[in-house]
Amino acid sequence: MGVALTRAAQWTMGKLEVSPLNEALLNDIVNFVEKFNSRHPQEAKLVFTEPLQWTTTLRASDFTSEYELSGSSVRSQDTNKDGRPLLQLIPPDISVCSFSHLSKVVQLANDRKLEVWTCLEANREPVVKMLGPNFTTAGGTDSSPEAELKEKLLLILQQLDTQLLNSSITQLSQEVRLSPAAVKRDVELLKSVCGAGEKRLLKSVCYTSDYEFSNGCRSPPWRQVHGEIAYLIIEPCDTEPLFITCSTAGVYLNSGIKQEGEENAYERKSDVSKDLVTLLKSKSPHFTENINKQDFVIHREPSTTLKIPHVEAVGVEERGQTLRSYEHQEKNVHEKARQQLALNKSGGAKKLEPSLKWKNLGLMSPHEEAEEKKARKNGGGEKATESWTKSPRSESKKKADFSGSPLPDRLSQKTKSPGGGTGAEEFSESSSESEEDDEQSERRGESHTDLPSEYWQIQKLVKYLKGGNQTATVIALCCMRDFNLAQETCQLAIRDVGGLEVLINLLDTDEVKCKIGSLKIMKEISCSSQIRRAIANLGGLQTMVSILDSPDKELKCLAAETIANVAKFRRARRTVRQYGGIKRLVELLDCVPDSAMLSTEQEKDVEVARCGALALWSCSKSTRNKEAIRKAGGIPLLARLLKSPQKNMLIPVVGTLQECASEKSYRIAIQTEGMIEDLVKNLNCDNQELQMHCASAIFKCAEDKRTRDLVRQYEGLQPLVALLNEADNKQLLAAVTGAIWKCSISMENVVKFEEFKALEMLVSLLTDQPEEVLVNVVGALGECAQRPANRATIRKSGGIPPLVSLLTGTNQALLVNVTRAVGACANESENMTIIDRLDGVRLLWSLLKNPNPDVQASAAWAICPCIENAKDAGEMVRSFVGGLELIVNLLKSPNKEVLASVCAAIAKIAKDEENLAVITDHGVVPMLSNLTNTADDKLRRYLAEAVARCCMWGSNRVAFGEAGAVAPLVRYLRSKDPSVHQATAQALFQLSKDPSNCIAMHENGVVKLLLGMMGSTDEVLQEAAAGCVANIRRLALANEKAKYG
């Protein structure tokens, strides 16, 4: 009743459908419940874990004297251990806690079928309520009498499930099932009788969705599981448009699906018809009258394939036990494989046939096996065949096994052992698995034969692995390696039949040959992401890590290479670390790779080290693994391997180093261990992959000035520039341009790049390149443009227009770099003319709206030289509608870099009197005053400059004083940054023109600080300090004069 109700019964929107199948199931359940009390008196007394509750049609008057009646309510005399009655009726609700009372309720009901129907709808999982969720999934370990009764009741209910499923088979086998292909043909034929003439039968026929899935359905996936194929809107000539659902069970009207929308729209609104023509005949008299006059034939698919929805195998998967995610994916994978191969076959492709040697080994497809069995039966081998293929267990399972998915061809579901492996019955040809294969090939016709013969051959080999002795296992492994294991079909064939579990189990044996064969296969198939995850799920990594301690060097190599393939995702990398794999892999690196003559054993050691480096390369993508490699002593060993003359050794070593170079400790170690010289040397090799990893390592390490100097010292800049010619290899180009960008932070390197004509080459890379290349190219140009001579070079090379065009992009890192480059170029007036003509300033201003603070700050810094060097900067700024308000509002940003850059821009904007008046109206004075308590020297400098400029309008000086900006500015003079002193002295000079501000300055001890600065060698600072002191002195003299006359 539990499994059948979930998998066989037909539900719609939480309600049982009115269908022949449900009627048949209901009759059996009613009969079972009615007779339960007499057939199973002991089990009938068992108290349910939770009561079954539903809305009943029974009244108090329907019950006999053995129940206690109180008005309209009824309760039983017997109770559970909590004192709750086992039956309680409070109309219209009833709750029942035992089968004895449930049986009586059904017998008392006027409409017994309706009573059970209502009960089942209200209790979708009755067995769980009866026995409890833990007991139904895991079984009880208690030996009490109550637990024994529960076990007996569970067995009785499972027998009922089997009976219900078998009866549903009979019911469903009589139904004609529609397929996507049949629906498509019917629709095409109906479209052919649509039109505008008098003879038309229909106005129009159309699907609600134009997208067709690979299985031929047009319904969304979450409706396909209900058997729905497509939705149609058919407009007859004499009625309103009909909204129709086509499903495997037939066709019917829905609530009005015009497109994928509300769930309520999928609800059935009519009886189910066997096809579209039958439904239209029942709804359109015009169609009915004229259909017989047309030469119109509906072609049907031969009903060789029986598809039964909503029914699954009893015992295959108990309630609460779900299939693994990859087992769910198998269905789609195989469906795609079959459809693709079917297309190839229809296109005239040659059918794949197994060779004679595979036939001799018995490695044939199930379809071929079925034919051979049939021939043996005809030849007198009937008894032998029956004993080989049939058993009572397999027959019963065969009857109960049906697909839970009505549309895609299902995969056979096999019983799994608790340990995750396959059941014992899979070890022999007399197992139910073989029986299922034969049955499916017969039932589905050509479906399985569409898969290549290799698929079935590999699955047969896996069976030999499971059941064979040592010799058979080694032979099977060797045969399996003869296949193209890089092909997805072969990989899935191994996984589908449980081959991965067997291969992993072989790693725990004492036979080295079996281990080697298993690892060689897993090394090849682990290139697939699905296989990688499956190996990790089955605990394969833990076993491989333990093999790294093996004395056999070939085993260690294979284990390390397989770990390198599997550790491509985070969980796998974490598993390797947690089981001590990092330390073991580091130990594999200990060899002598740079010796001129290597013995055979040394060559094996070098190969072991190479495989270890490969595995560490994969593992090093995790931050914690990087630290683990360092603690295990990996850096000196990697440094030694970096001197190897063998490129196949160098690639994983440099790959590991460039991954780890994101950590500061590794960057320092790469410097101190002398690895920069080796990295530079390998830039000159002829292997582009090695060059890419070397450039990438330099890219990450060149954040440090010492590294940049070492690259120049070892003459690594010229090879980097030469590699810019390899424009076809985008990965190499990205790494090289990144290295050039970071190296150009040092001006000494920029001078070298000028000699090597690097700027012209970089400018040529500003178009038709991926973003990861553009970010680095523009970053390098931005650094090089800090030298005035290079700004002209960029302009003459035609670099300004592509740089401005990149301001319209969306890549945040690219925008940060391109704004810096444009800002640097704008320091030259000729460049600024081009930028202004291309509307570059407007684009920079628009980037102030970007939500990324780094982009905002970089744009604001770039705006400063644009305003400084524009011909009519004031008018240009005013032409940006809302631009001044936007930049003032950025003073509310919490990011100090944004605040400093905006203050610098405001200082430039305020040079124009009209713009200063506008930003004053937008509240720039109180906003600047609010920022004066900062301790950040960079912000202090540009804030003081902005204050000095803003003092030159109206009563802004007074407003700054009233806002409390004077005292914090005085404290700026105690800063150790000379640039802060100059800007602050200028601001105080402007503020000192207001008497109140002079008093505040004097009270905060400004005079003593300014007197010391009046002796500075900075003339601007001298003049501002002297002017401020002079204003304070004038105020004091005027005050004395007023006081004493």
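Overview of the overall build of the chain
So, step 1. Along the chain, the regular secondary structure elements total 59 helices and eleven strands.
So, step 2. A burial count over the chain gives 52% of its 1045 residues as buried.
So, step 3. Taking all contacts inside the chain whose residues are at least 6 apart in sequence as the whole, residues at least 24 apart take part in 70%.
So, step 4. For the chain, the accessible area works out to roughly 47,400 Å², and carbon and sulfur atoms hold 49% of it.

Looking at the pattern of salt bridges
So, step 1. In this structure the tally under the stated criterion is 40 salt bridges.
So, step 2. A salt bridge links E897 to K938, with the shortest nitrogen-to-oxygen separation between them at 2.9 Å. Linking E897 in helix α50 (residues 896–909) with K938 in helix α53 (residues 937–950), this pair joins segments that are 41 residues apart in sequence.
So, step 3. Between R940 and D937 there is a salt bridge, with its nearest N and O atoms 3.4 Å apart. With a gap of three residues between them, R940 and D937 both fall in helix α53, about one helical turn apart.
So, step 4. Note on R940: relative accessible area 15%, which makes it buried.
So, step 5. Each member of the salt-bridge network shares a partner with another, and the members are K523, E561, E607 and R610.

Thoughts on the pairing of strand β7 (residues 93–98)
So, step 1. Counting buried residues in β7 gives five out of six residues, a clear majority hidden from the surface.
So, step 2. As judged from the five bridges shared by strand β3 (residues 47–55) and β7, these two strands associate in the antiparallel manner. By the bridge assignment, L52 is partnered in β7 with V96.
So, step 3. Pairing analysis gives four bridges linking strand β6 (residues 87–90) to β7, with the strands arranged antiparallel. Looking at β7, one finds that I90 is bridged to D93.
So, step 4. Where β6 folds back onto β7 in an antiparallel hairpin, the turn is made up of two residues.

Regarding the sheet that holds strand β5 (residues 73–76)
So, step 1. Strand order in the open sheet formed by five strands is β3-β7-β6-β5-β4, with antiparallel pairing between adjacent strands. Whereas interior strands pair on both sides, the edge strands pair on one side only; in this sheet they are β3 and β4 (67–70). Between one strand axis and the next, the sheet turns through 15° on average, direction left out of account.
So, step 2. Across the sheet, helix α4 (residues 99–108) lies against β3, β4, β5, β6 and β7, angled at about 135° from β7, the strand it touches most.

Considerations on the side chain of N682
So, step 1. Considering the arrangement of structural elements, one finds N682 in helix α34 (residues 675–682).
So, step 2. Judged by its relative accessible area of 8%, N682 is buried.
So, step 3. For N682, the side chain forms a polar contact with the main-chain oxygen of D678, separated by 3.0 Å.
So, step 4. Residues contacting N682, with those up to four places away along its chain left out, are L642, L650, L690, Q691 and C694.

Describing the sheet that holds strand β9 (residues 228–236)
So, step 1. A sheet is described by the order of its strands in space; here four strands give the open sequence β8-β9-β10-β11, paired in antiparallel fashion. Looking along the sheet, the strands with just one partner apiece sit at the ends: β8 (202–207) and β11 (250–253). The mean inter-strand angle of the sheet, taken between neighbouring strand axes irrespective of direction, is 25°.
So, step 2. Pairing of β8 with β9, which is carried by five bridges, proceeds in the antiparallel orientation. Among the inter-strand pairings, Y207 is bridged to a residue of β9, identified as L232.

Regarding the packing of helix α26 (residues 553–566) against helix α29 (residues 600–619)
So, step 1. Across the interface, α26 lies against α29 with an axial gap of 7 Å and an inter-helix angle of 20°. Relative to α29, the element α26 is oriented roughly parallel. Both α26 and α29 take part in a crossing whose hand is left-handed. Counting all contacts with α26, which are made through K553, C557, A560, E561, I563 and A564, the residues of α29 involved are E601, K604, D605, E607, V608, R610, C611, G612, L614, A615 and S618.
So, step 2. Counted by class, the contact of α26 with α29 contains eight nonpolar, two polar and seven charged residues.

Regarding the packing of aromatic side chains
Each aromatic ring pair is summarised here by two numbers: the centre-to-centre distance and the angle between the ring planes.
So, step 1. Across all of its chains, the model carries eleven aromatic pairs by this definition.
So, step 2. An angle of 35° between the planes, with centres 6.3 Å apart, marks the rings of F699 and W741 as tilted. Note that F699 is positioned in helix α35 (residues 688–701) and W741 in helix α38 (residues 730–743), a separation of 42 residues in sequence.
So, step 3. For F699, a relative accessible area of 21% corresponds to the partly exposed category.
So, step 4. An angle of 70° between the planes, with centres 5.0 Å apart, marks the rings of W861 and Y942 as edge-to-face. Highlighted residues: W861 in helix α47 (residues 853–869) and Y942 in helix α53, separated in sequence by 81 residues.
So, step 5. For W861, a relative accessible area of 23% puts it in the partly exposed group.
So, step 6. Here R218 stacks its cationic end above the ring of Y207, 3.8 Å away from the centre of that ring.
So, step 7. Lying across the ring of Y252, R268 places its NZ or CZ 5.8 Å from the centre.

A few points about the state of the cysteines
So, step 1. Summed over all chains, the structure comprises zero disulfides.
So, step 2. For C903, which is in no disulfide, the shortest distance to another cysteine sulfur is to C950 and amounts to 9.0 Å.

A word on a positive patch on the surface
So, step 1. Together, R533, R570, R571, R574 and R624 line one region of the surface with positive charge.
So, step 2. Looking at the element boundaries, R571 is found in helix α27 (residues 570–578).

Comments concerning the confidence of the model for the chain
So, step 1. Confidence along the chain averages 80 in pLDDT terms, with 80% of residues attaining 70 or more.
So, step 2. When the elements of the chain are averaged for pLDDT, helix α18 (residues 432–444) gives the smallest value, 32, and α50 the largest, 95.
So, step 3. Confidence over residues 295–449 falls short of pLDDT 50; this stretch has 253 contacts with residues more than four positions distant or in other chains.

Things to note about α38
So, step 1. Under the 1.5 Å per step criterion, the end-to-end length of α38 is 20 Å for 14 residues, consistent within 8% with the ideal 20 Å.
So, step 2. Two or three places before Q731, at the start of α38, stands the capping residue N729, its side-chain oxygen 3.4 Å from that residue's backbone nitrogen.

So, unusual backbone geometry
So, step 1. The step from P91 to P92 runs through a cis peptide bond, and the omega angle for that step is 5°.
So, step 2. Even without being glycine, K757 reaches a positive phi, approximately 55°.

A word on helix α20 (residues 470–481)
So, step 1. Taking 1.5 Å as the rise per residue, α20 with twelve residues should run 16 Å; its terminal C-alpha atoms sit 17 Å apart, in good agreement.
So, step 2. Those residues of α20 that sit buried are T473, A476, L477, C479 and M480. Down the axis of α20, the smallest arc covering the buried residues is 165°, so these residues share one side.

Concerning the nonpolar core
So, step 1. W845 and L928 are the most contacted members of the largest nonpolar core, which totals 223 residues.
So, step 2. Ignoring sequence-local partners within four residues, the contact set of L928 consists of L891, C903, L943, A946, V947, C950 and F960.
So, step 3. With 41 residues, the next largest nonpolar core counts F63, L89, V105 and C119 among its residues.

Considering the environment of K796
So, step 1. Mapped onto the elements of the fold, K796 is located in helix α42 (residues 788–796).
So, step 2. Judged by relative accessible area, K796 falls into the exposed class, the value being 69%.
So, step 3. Along the chain, K796 and N831 lie 35 residues apart, while their C-alpha atoms are 9.8 Å from each other.

What about the side chain of T245?
So, step 1. In this structure, T245 sits in strand β10 (residues 242–247).
So, step 2. By relative accessible area, T245 is classed as buried at 0%.
So, step 3. A distance of 2.9 Å separates the side chain of T245 from the side chain of N254, its partner in a polar contact.
So, step 4. Among residues more than four places away in sequence, those in contact with T245 are E228, A230, Y231, G250, V251, Y252, N254 and I257.

Criteria and thresholds
Residues numbered from 1 in each chain as written. Predicted model: local features only at pLDDT ≥ 70, side-chain atom pairs only at ≥ 80, totals over all residues. Heavy atoms only, no water. Helix = DSSP H or I, 4+ residues; strand = E, 2+ residues; numbered from the N terminus. Buried < 20%, exposed > 50% of the residue type's maximum accessible area, 1.4 Å probe, protein only. Contact = heavy atoms within 4.5 Å. Areas by Shrake-Rupley, 256 points an atom, 1.4 Å probe, with all protein chains shown as cover. Salt bridge = Lys/Arg side-chain N within 4 Å of Asp/Glu carboxyl O. Pairing = 2+ DSSP bridges. Axes fitted to C-alpha atoms, helices over the stretch in contact; angles between N-to-C directions. Polar contact = N/O pair within 3.5 Å; in protein donor to acceptor, adjacent residues only side chain to side chain. Parallel < 35°, antiparallel > 145°, perpendicular 65-115°, else oblique. Left-handed = near helix turned anticlockwise from the far one by under 90°. Nonpolar A, V, L, I, M, F, W, Y, C, P; charged D, E, K, R; others polar. Phe/Tyr/Trp six-rings, centres within 6.5 Å; stacked < 30°, edge-to-face > 60°. Lys NZ or Arg CZ within 6 Å of the ring centre and 35° of its normal. Disulfide = S-S within 2.5 Å. Patch = residues over 30% accessible without salt bridge, like charges linked within 9 Å, V, L, I, M, F, W, Y side chains within 5 Å. Lys, Arg positive; Asp, Glu negative; His and termini not counted. Charge placed at Lys NZ, Arg CZ, Asp CG, Glu CD. pLDDT = per-residue confidence, 0-100. Expected span 1.5 Å × (residues − 1). Arc of directions from axis to C-beta. Core = buried A, V, L, I, M, F, W, Y, C linked by side-chain atoms within 4.5 Å.

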